[in-house]
Amino acid sequence: MVDYMQFCTVARGAEVLGELWTPLVVRELLCGSSRFNDIHRGVPRMSPTLLTQRLRKLESIGVVERRRAGKAWEYHLTPAGEELRPIVVGIGHWGARWIGSRLRREQLDAGFLMWDIRRFARIEEFPAGQRTVVHFRFRDAPSAERLWWLVVEDGTADLCRDDPGHEVTVIVESTVRSLTEIWNGDGDPGQQIRAGVLVVQGAGRQGQSLWRWLGRSMFAPTRISMRAEAT
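Residues numbered from 1 in each chain as written. Predicted model: local features only at pLDDT ≥ 70, side-chain atom pairs only at ≥ 80, totals over all residues. Heavy atoms only, no water.

**Overview of the sheet that holds strand β5 (residues 156–160)**
Spatially, the five strands line up as an open sheet ordered β5-β4-β3-β6-β7, and their pairing is mixed. Here the strands that pair on one side only, and so sit at the sheet edges, are β5 and β7 (198–201). Averaged over neighbouring strand pairs, the angle between their axes works out to 15° when direction is ignored. Contacting β3 (132–138), β4 (147–153) and β5, helix α7 (residues 110–120) crosses the sheet at an angle of about 10° to β4. (Pairing = 2+ DSSP bridges. Helix = DSSP H or I, 4+ residues; strand = E, 2+ residues; numbered from the N terminus. Axes fitted to C-alpha atoms, helices over the stretch in contact; angles between N-to-C directions. Contact = heavy atoms within 4.5 Å.)

This is the structure in structure tokens:
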């Protein structure tokens, strides 16, 4: 546990949010994850044991409330936790503006990328009254994270690692970096297609409908505006 040994509330607040992984756990809760496994999917490189410790710590200080949901438990932010929203979102936009995409290879994560795409997909933009299946193929991801299926039907989006057996609507072949840069606002789909690192089959010319369906990361507008300012 971090302990700055100061009465200053900046120090005391940082003792909570400054612990490794804690801001990302709060991020997951702010993004709507409430079940343990869903939270862990957003922080896949965090051990389940450590995640349990962080959730208990947040619960003990009144940031998180644990509730029974049938046979399982759910974690929900309290009013104190909700007050962290502008802080966490502000950090994200600050990072997008001043740090940018300078991603090292070890920071690329197909699993987290797909989870982020799934939860921020613009469900209302997908064709109504029919099932849409987007099959993602990553050429350079580890074998267990190479193939993904995003299934959107009846107003919900499901993410599958195993073939769900449905007819595929769109196929997306890419490197992890290429799709990550597009998602973060640092890459343009058309340019990536012309460069040969991205291939989209279906969803109109250069996958125009696909990008409308998926949208971008919540912090992408900041990166896109930065790129526009630089030109």
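Okay, back to it.
**Notes on a nonpolar patch on the surface**
Nonpolar side chains collect at one region of the surface, where Trp94, Trp98 and Ile99 lie side by side and expose about 380 Å² of accessible area between them. Within the fold, Trp98 resides in helix α6 (residues 85–98). Judged by its relative accessible area of 55%, Trp98 falls in the exposed class. (Patch = residues over 30% accessible without salt bridge, like charges linked within 9 Å, V, L, I, M, F, W, Y side chains within 5 Å. Areas by Shrake-Rupley, 256 points an atom, 1.4 Å probe, with all protein chains shown as cover. Salt bridge = Lys/Arg side-chain N within 4 Å of Asp/Glu carboxyl O. Buried < 20%, exposed > 50% of the residue type's maximum accessible area, 1.4 Å probe, protein only.)

**Examining the packing of α6 against helix α11 (residues 220–230)**
Two elements in contact, α6 and α11, have axes whose closest approach is 8 Å; the angle formed by their N-to-C orientations is 25°. Considering their axes alone, α6 and α11 lie roughly parallel with respect to each other. In terms of crossing hand, the pair formed by α6 and α11 is right-handed. Mapping the contact onto sequence places His93, Ala96 and Arg97 in α6 and Thr222, Arg223, Met226 and Glu229 in α11. When grouped by side-chain class, the residues that make up the contact of α6 with α11 number two nonpolar, two polar and three charged. (Parallel < 35°, antiparallel > 145°, perpendicular 65-115°, else oblique. Left-handed = near helix turned anticlockwise from the far one by under 90°. Nonpolar A, V, L, I, M, F, W, Y, C, P; charged D, E, K, R; others polar.)

**Remarks on empty space enclosed by the protein**
Taken as a whole and assessed by the stated rule, the structure comprises one cavity of 30 Å³ or more. In this structure, the largest cavity encloses a volume near 40 Å³. Along the walls of the largest cavity sit Ile117, Leu179, Ile182, Trp183, Trp211, Leu214, Gly215 and Arg216, which together make up its complete lining. Only α8 (176–184) and α10 (208–214) provide two or more residues apiece to the lining of the largest cavity. The biggest single contributor to the lining of the largest cavity is α8, with three residues. (1 Å grid on protein atoms, 1.4 Å probe; cavity = no way out; pocket = protein on both sides within 12 Å on 5 of 7 lines; lining within 4 Å. Points joined across faces, edges and corners; volume = space filled by probe spheres on them.)

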